[in-house]
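Tertiary structure, described
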There are 2 protein chains.
Amino acid sequence: MDDLTKLDGVPLYVKIRQSLRENILNGSYKRGEKIPSEEELSAQYGVSRMTLRHSINDLIDEGLLYRRQGVGTFVAHHHLARDHSRLTNFFENSRMDGLQVSEKVLDFRQIPAKYQVAKALNLKEGDPVICIKTLRFIETEPVTVHEAYIPMALFSDLLNMDIESQSQDLWGFYERCGYKVKRGVQRLEARQADEDLADMLSMQVGAPILYKERTLFSEDGTPIEFLYCFNRGDMYSITVSLLR
Amino acid sequence: MDDLTKLDGVPLYVKIRQSLRENILNGSYKRGEKIPSEEELSAQYGVSRMTLRHSINDLIDEGLLYRRQGVGTFVAHHHLARDHSRLTNFFENSRMDGLQVSEKVLDFRQIPAKYQVAKALNLKEGDPVICIKTLRFIETEPVTVHEAYIPMALFSDLLNMDIESQSQDLWGFYERCGYKVKRGVQRLEARQADEDLADMLSMQVGAPILYKERTLFSEDGTPIEFLYCFNRGDMYSITVSLLR
DNA sequence: ATAATATAGACGTCTATACAACCAAGGAGA
DNA sequence: TCTCCTTGGTTGTATAGACGTCTATATTAT
């Protein structure tokens, strides 16, 4: 049943986690039902109980399992869609839905940071930042004005690159520079389109705009991007998952 | 330095986690700097390395620390505000900001579930649900129309209770019924006030509304609440943190 | 019947140890 | 000077075992 032949560099707990995850998703372990005890499973997989617990802990974090001390470990009744629990970006998300997405770069240059940008990026007012302003489309329809600021000090390479090709994969670019996007904080408001926005997004002045401000952080907590985002209210909604 | 006298029922890893957290927050371990090695800390606290790692793992999940294999463990440069990373509710949040909050119950009764409600709560259309509609105020200003649906089957007790006192602490009520709020999924849109909303929220027809749909889940994945929420765009914003 | 108690099974915590993987820095050799 | 390699330090994975705590159930006493 379970090979788990070693020597491939994949940790045991990862393989076991994967095996358990499959059993849950394909229904071998049914929703709400108790799975075998840790003792039993560790014997089944031929690993120590601590290793097995490592796998189960991960699946609990994913929301697939839950424990009741003194009773057992159970499959959750409701599996949250994986995307919801993750920080994803516009292109990833929309392409996942099978939609054609594209963008047009409106502006791209180095400027001194204004107060709000500097504060979010942990810089001083006036420090150099790169500003990338784009208009984003879903299936030829303009839906979002996107205004990103990234610290010059971290990503000066960007200025020497082909922005058209980079701007669609900023996250990849960050990673190639050694900063993995790990966390973010975003704030959302409902606003109304002013003349500029209405013009760019082909909508009426006063129509609803879903406004978003977001800061992205790398694993070590360095702020790597601050973003203003104006989304057409009639074309865009944002889904997020919450933990307690 | 570190007492950790046992016999109080508090696990060692929790005490150590707390001690480390304090050292981080009060600056004994400075941002970006390396903390002592796991070997060193486990000796310092007089516990095994595995126990110490348990504490550190928790703090990494909180975003206070990060590891670099082969190098060490470091204090994150940017500590996300604790509230942001958590699922919190309206009253908790606003009171934390020192604001006076209150609410008026507009409607409270048992009704058959409509399609969307039934689907979110994992019920069949027409199954009985309890509907609680309230108007919420910050400092005498109406800001939110709040329409919650909860499954009759789980919380029939609610009908026999003083709704005025319960509705302000629904989460506490859920918990007393054995369902701890653990996860949530919410979707946000920008909309415009119709006549009803404009009237209730003392705003003009067409003014922006931050619309929110939310489902809450207990630890075992049972959906326990589905919510429509209409927030005055000029008074309300939503902040969430994201993980990757 | 009801209440107190014992028990078995399950998860929760903790230890002591071992080796693997990885990284930084310094030394050896070309 | 430059490259390669060794080495020490640190985190990553894994083990076997012990004991604590909690829950549900069966048993016993009242």
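Residues numbered from 1 in each chain as written. Chains lettered and ligands numbered in written order. Predicted model: local features only at pLDDT ≥ 70, side-chain atom pairs only at ≥ 80, totals over all residues. Heavy atoms only, no water.

1. Re the packing of aromatic side chains
This model, assessed by the stated rule, comprises 16 aromatic pairs over all chains. When the centroid spacing of 6.3 Å and the interplanar angle of 55° are considered together, the rings of Phe173 of chain A and Tyr174 of chain A count as tilted. Across the pair, exposure class does not vary: Phe173 of chain A and Tyr174 of chain A are buried alike. When the ring of Tyr66 of chain B is compared with that of Phe74 of chain B, the centres are 5.5 Å apart and the planes differ by 20°; the resulting orientation is stacked. Each member of the pair, Tyr66 of chain B together with Phe74 of chain B, is buried. In this structure an aromatic cluster arises from ring pairing among Phe155, Phe173, Tyr174 and Tyr179 of chain A. Here the guanidinium or amino end of Arg191 of chain A rests over the ring plane of Tyr211 of chain A, the centre of that ring lying 3.6 Å away. (Phe/Tyr/Trp six-rings, centres within 6.5 Å; stacked < 30°, edge-to-face > 60°. Buried < 20%, exposed > 50% of the residue type's maximum accessible area, 1.4 Å probe, protein only. Lys NZ or Arg CZ within 6 Å of the ring centre and 35° of its normal.)

2. Points about the interface of chain B and chain A
Contact with chain B, which involves 49 residues of that partner, is made by 49 residues of chain A. Together chain B and chain A conceal approximately 4,300 Å² of surface at their shared face, both sides included; 58% is due to carbon and sulfur atoms. By the criterion of area lost to chain A, the three top residues of chain B are Arg183, Leu242 and Arg244 of chain B, representing 19% of everything that side buries. Counting every contact that joins chain B to chain A gives 0 salt bridges. For the pair chain B and chain A, the interface holds 14 residue pairs in polar contact (both at pLDDT 80 or more). (Contact = heavy atoms within 4.5 Å. Buried area = accessible area lost by both parts, 1.4 Å probe. Salt bridge = Lys/Arg side-chain N within 4 Å of Asp/Glu carboxyl O. Polar contact = N/O pair within 3.5 Å; in protein donor to acceptor, adjacent residues only side chain to side chain.)

3. So, the domain arrangement of chain A
Domain annotation for chain A reports domain 1 (12-75) and domain 2 (80-239). One C-alpha centre belongs to domain 1 of chain A, the other to domain 2 of chain A, and the line joining them spans 38 Å. (Domains from an automatic or database assignment.)

4. Thoughts on the protein's contact with DNA strand C
Among the 25 residues in the neighbourhood of DNA strand C, the closest are listed as Arg49 and Arg67 of chain A together with Leu12, Tyr13 and Thr51 of chain B. Within 4 Å of the protein, the contacting atoms of DNA strand C are drawn from sugar and phosphate to the extent of 68%. In the environment of DNA strand C, a base nitrogen lies 2.7 Å from a nitrogen or oxygen atom belonging to the side chain of Arg49 of chain A. Within the contact set of DNA strand C, a phosphate oxygen lies 2.8 Å away from a side-chain nitrogen or oxygen of Arg53 of chain A. Of all the elements in the fold, those that place two or more residues in the surface near DNA strand C are helix H3 (49-61), strand E2 (65-68) and strand E3 (72-75) of chain A together with helix H1 (12-25) and helix H3 (49-62) of chain B. Residues that form the surface near DNA strand C fall into these classes: 8 nonpolar, 10 polar and 7 charged. (Near = heavy atom within 4 Å. Helix = DSSP H or I, 4+ residues; strand = E, 2+ residues; numbered from the N terminus. Nonpolar A, V, L, I, M, F, W, Y, C, P; charged D, E, K, R; others polar.)

5. A short note on the environment of Asp157 of chain B
Residue and element names in this part refer to chain B. Among the structural elements, Asp157 can be located in the loop between helix H6 (152-155) and helix H7 (163-166). Residue classification places Asp157 among the partly exposed positions, given a relative accessible area of 47%. In sequence terms Asp157 and Phe173 are 16 residues apart; their C-alpha atoms lie 9.8 Å from each other.

6. Thoughts on the pattern of salt bridges
Residues and elements named next belong to chain A. A full pass over the atoms with the stated rule returns 28 salt bridges over all chains. Of the charged contacts, one joins Glu213 and Arg187 as a salt bridge, the two residues approaching to 3.2 Å between their closest N and O atoms. Of the two residues, Glu213 is situated in strand E8 (residues 208-218) and Arg187 in strand E7 (residues 181-192); the sequence distance between them amounts to 26 residues. Take Glu213: its relative accessible area is 11%, and that puts it in the buried class.

7. So, the protein's contact with DNA strand D
Taken together, 25 residues surround DNA strand D, and among them Leu12, Tyr13 and Thr51 of chain A together with Arg49 and Arg67 of chain B come closest. Those atoms of DNA strand D that come within 4 Å of the protein belong to sugar or phosphate at a rate of 68%. At a separation of 2.8 Å, a phosphate oxygen of DNA strand D approaches a polar side-chain atom of Tyr13 of chain A. Where the surface near DNA strand D is concerned, the elements lending two or more residues are helix H1 (12-25) and H3 of chain A together with H3, strand E2 (65-68) and strand E3 (72-75) of chain B.

8. As for the sheet that holds strand E5 (residues 128-138) of chain B
Spatial ordering of the open sheet is given by E10(A)-E7(B)-E8(B)-E9(B)-E6(B)-E5(B)-E4(B), a layout of 7 strands whose pairing is antiparallel. The open sheet has two free edges, formed respectively by strand E10 (238-243) of chain A together with strand E4 (101-112) of chain B, since each of these has just one partner strand. Direction aside, the axes of adjacent strands within the sheet are offset by 20° on average. Judged from the 11 bridges that link them, strand E7 (residues 181-192) of chain B and strand E8 (residues 208-218) of chain B form a sheet pairing that is antiparallel. Residue pairing in the sheet places Gln186 of chain B in a bridge with Arg214 of chain B of E8 of chain B. (Pairing = 2+ DSSP bridges. Axes fitted to C-alpha atoms, helices over the stretch in contact; angles between N-to-C directions.)

9. What to know about the sheet that holds strand E1 (residues 34-35) of chain A
Residue and element names in this part refer to chain A. Strand order in the open sheet formed by 3 strands is E1-E3-E2, with antiparallel pairing between adjacent strands. Two strands close off the open sheet at either side, each with one partner strand: E1 and E2. Along the sheet, H3 makes contact with E1, E2 and E3, crossing E2 at roughly 115°.

10. Quick word on the side chain of Ser218 of chain B
Residue and element names in this part refer to chain B. Mapped onto the elements of the fold, Ser218 is located in strand E8. Among the residues examined, Ser218 registers a relative accessible area of 4% and is labelled buried. A polar atom in the side chain of Ser218 sits 2.5 Å from the side chain of Asp220. Those residues in contact with Ser218 that sit more than four places away from it in its chain are Tyr179, Lys180, Lys182 and Ile224.

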